[in-house]
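# Inside the fold
This is what each chain is made of:
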Amino acid sequence: MRPFDLLRVAFLNLWRRKLRAFLTVLGLVIGITAIVVMVSLGIGIEQATMDLFAGTGSLLIIEVSPWRWIETPGGGGTGTETKLDEKSVEAFRQIPGVRSVMPLVEAWGMITTSRFTTSVSILGVDEETAVDFGFDLAEGRLPTHQRGSRNFEMVFGNWVLDSFYNPKNGNPAIDREGNSMIKMTNRFRMTFDWMNIYDTGGMPPPENYSPGRFYNITPVGRMDQMSNRFSFYSLMDVNALEQLIRENRDFIGQQPGGGYNQVLVKCDDLNSVASVKMAIDAMEYGTFSMLDAVNAALAQTRQQRMLLGAIGGVALLVAAIGIMNTMMMSIYERTREIGIIKVLGCRMGNIVTLFLAEAMLIGLAGGVLGLGLSYLVSFVLNVFREAGSNILSIIPTYLAFGAVAFSVFVAMLFGLYPAIRAMRLSALAAIRNE
């Protein structure tokens, strides 16, 4: 029997019992819809998790520290320290998959203008590298520095202009309308010696004390508000900041001998993160990647997705049992018909194929209609989701095609036993059947 004729006969057999076929397809529609919607919600939770972590820090960045914790058998562990310096930075740059490397050079200082002051956390950056690590500015440009210059450029943190106060009485530098009195056009100076700013109350200075210097600061930009993890910092050129640290070790507290507390390594793509992290681990440094936290979170969301899919699978199982019941009833009602076509010489395989074709049509109709209903339910859920929620029902292409294919597979699987049962009917007994 040709495939077209086979499908036509199968369709006509189902059409003769339209109500039963419709109810069977309806059960499959509900089952497929339940699975697709549940899985789509799981995918939405996974995507929301990815977006959350992507917003807190780049997934391509690996944080490297000199300290490494090694777990020992039976619990516990031991810590090791490996110097993190310029040689380390250069070694990181040679690792395949690394786009850029940025050592974190940090300091803490005080900026004054007129009678007001504020404290700032300063981060040294390289203009070329900073682009890769997403230093977003609300205005201005990144700082530079000419070797030997005593004027230092700085990008203020997003909160700096609003944080100035009078150190004598603690009053903030705001006008009657509550606006900051400090503007980017003010003249600023910076010192690392708190005794230059605050009254010591008659307390004598330490032995061999020499007052810290003041440095002229030119603001060239302002960080964007909470755009990334660096928005809190004020930025200086890394070479300029290292110069200031060397000149003010007594006030900053940096230890001699060089070395960094942390280095950031940015990879080319997500596929490179694991291999780069492994290479740095082999150098006996401590590493942390946001991707580690993402993978742990995604493992939980995948479990949730499996649970949601299992809940939808219960509805599909009920629908599959309905398909088997429909096919078995069809056999009992068409026993005499089956016997006649056997006597006329129809091959056993054709009988099995005929019933499987009917099951396939049921599965195809249920899958397509169920997918359409799934898109409608997904649209309604996304429109009427809770305000502020970033969880969406997402139906990717692979889920759509997979749902239809799975519907056909389940229908044919549960239609296989009735088809074999029809094939094994005795032709003589079938003809005698009333």
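Quick look at the structure, then. Here the structure is a predicted model, which means the values were calculated and not measured.

## Brief notes about the pairing of strand β1 (residues 61-65)
Pairing between β1 and strand β12 (residues 263-267): 4 bridges, direction antiparallel. In the strand pairing of β12, Val64 is matched with Val263. Judged from the 4 bridges that link them, β1 and strand β13 (residues 286-289) form a sheet pairing that is antiparallel. Residue pairing in the sheet places Glu63 in a bridge with Phe288 of β13.

## Quick word on the pattern of salt bridges
Going through the model one piece at a time under the given rule, you end up with 5 salt bridges. With a shortest N-O distance of 2.8 Å, Glu153 and Arg141 are connected by a salt bridge. With Glu153 in strand β8 (residues 151-156) and Arg141 in the loop between β7 (137-140) and β8, the pair connects residues that are 12 residues apart, well separated along the chain. A salt bridge links Arg150 to Glu247, with the shortest nitrogen-to-oxygen separation between them at 3.1 Å.

## A short note on a nonpolar patch on the surface
On the surface, Leu373, Leu376, Phe379, Val380, Val383 and Phe384 cluster together into a nonpolar patch covering about 610 Å² of accessible area. By relative accessible area, which is 69% here, Phe384 ends up exposed.

## Remarks on the packing of aromatic side chains
All told, the structure shown has 7 aromatic pairs when counted by the stated rule. Residues Phe164 and Phe188 carry aromatic rings whose centres are separated by 5.9 Å and whose planes lie at 40° to one another, so their mutual orientation is tilted. Here Phe164 is found in the loop between β8 and β9 (188-191), whereas its partner Phe188 is found in strand β9, with 24 residues between them in sequence. Judged by its relative accessible area of 1%, Phe164 falls in the buried class. With centroids separated by 6.4 Å and ring planes inclined at 65°, the aromatic side chains of Phe192 and Tyr215 adopt a geometry described as edge-to-face. You can see Phe192 sitting in the loop between β9 and β10 (215-223) and its partner Tyr215 sitting in strand β10, a full 23 residues away along the chain. Given the relative accessible area of 3%, Phe192 is considered buried. Each member of the aromatic cluster is reached from another via a ring pair, and the members are Phe152, Phe192 and Tyr215. Directly above the ring of Trp15 sits Lys18, whose terminal nitrogen or CZ lies 5.2 Å from the centroid.

## Concerning unusual backbone geometry
Positioned with a positive phi, Ser114 is a non-glycine residue whose angle comes to about 55°. Here Ser114 lies in the loop between β5 (105-113) and β6 (116-125). Using a relative accessible area of 69% as the deciding quantity, one classes Ser114 as exposed.

## As for the nonpolar core
Looking at soluble globular proteins, one finds that nonpolar side chains tend to be buried together. Residues Val64, Phe92, Met190, Met236, Val263 and Val265 are the most contacted members of the largest nonpolar core, which totals 48 residues. With 5 residues, helix α5 (residues 238-247) is the single largest residue contributor to this core. Those residues within four positions of Val263 in sequence are excluded, and the remaining contacts are Ile62, Glu63, Val64, Leu84, Val89, Phe92, Val101, Met102, Pro103 and Leu104. By size, the runner-up hydrophobic cluster in this structure holds 30 residues, among which are Leu14, Ala21, Val25 and Leu316.

The rules behind the values
Residues numbered from 1 in each chain as written. Predicted model: local features only at pLDDT ≥ 70, side-chain atom pairs only at ≥ 80, totals over all residues. Heavy atoms only, no water. Pairing = 2+ DSSP bridges. Helix = DSSP H or I, 4+ residues; strand = E, 2+ residues; numbered from the N terminus. Salt bridge = Lys/Arg side-chain N within 4 Å of Asp/Glu carboxyl O. Patch = residues over 30% accessible without salt bridge, like charges linked within 9 Å, V, L, I, M, F, W, Y side chains within 5 Å. Areas by Shrake-Rupley, 256 points an atom, 1.4 Å probe, with all protein chains shown as cover. Buried < 20%, exposed > 50% of the residue type's maximum accessible area, 1.4 Å probe, protein only. Phe/Tyr/Trp six-rings, centres within 6.5 Å; stacked < 30°, edge-to-face > 60°. Lys NZ or Arg CZ within 6 Å of the ring centre and 35° of its normal. Core = buried A, V, L, I, M, F, W, Y, C linked by side-chain atoms within 4.5 Å. Contact = heavy atoms within 4.5 Å.

Structural measurements only, silent on function.
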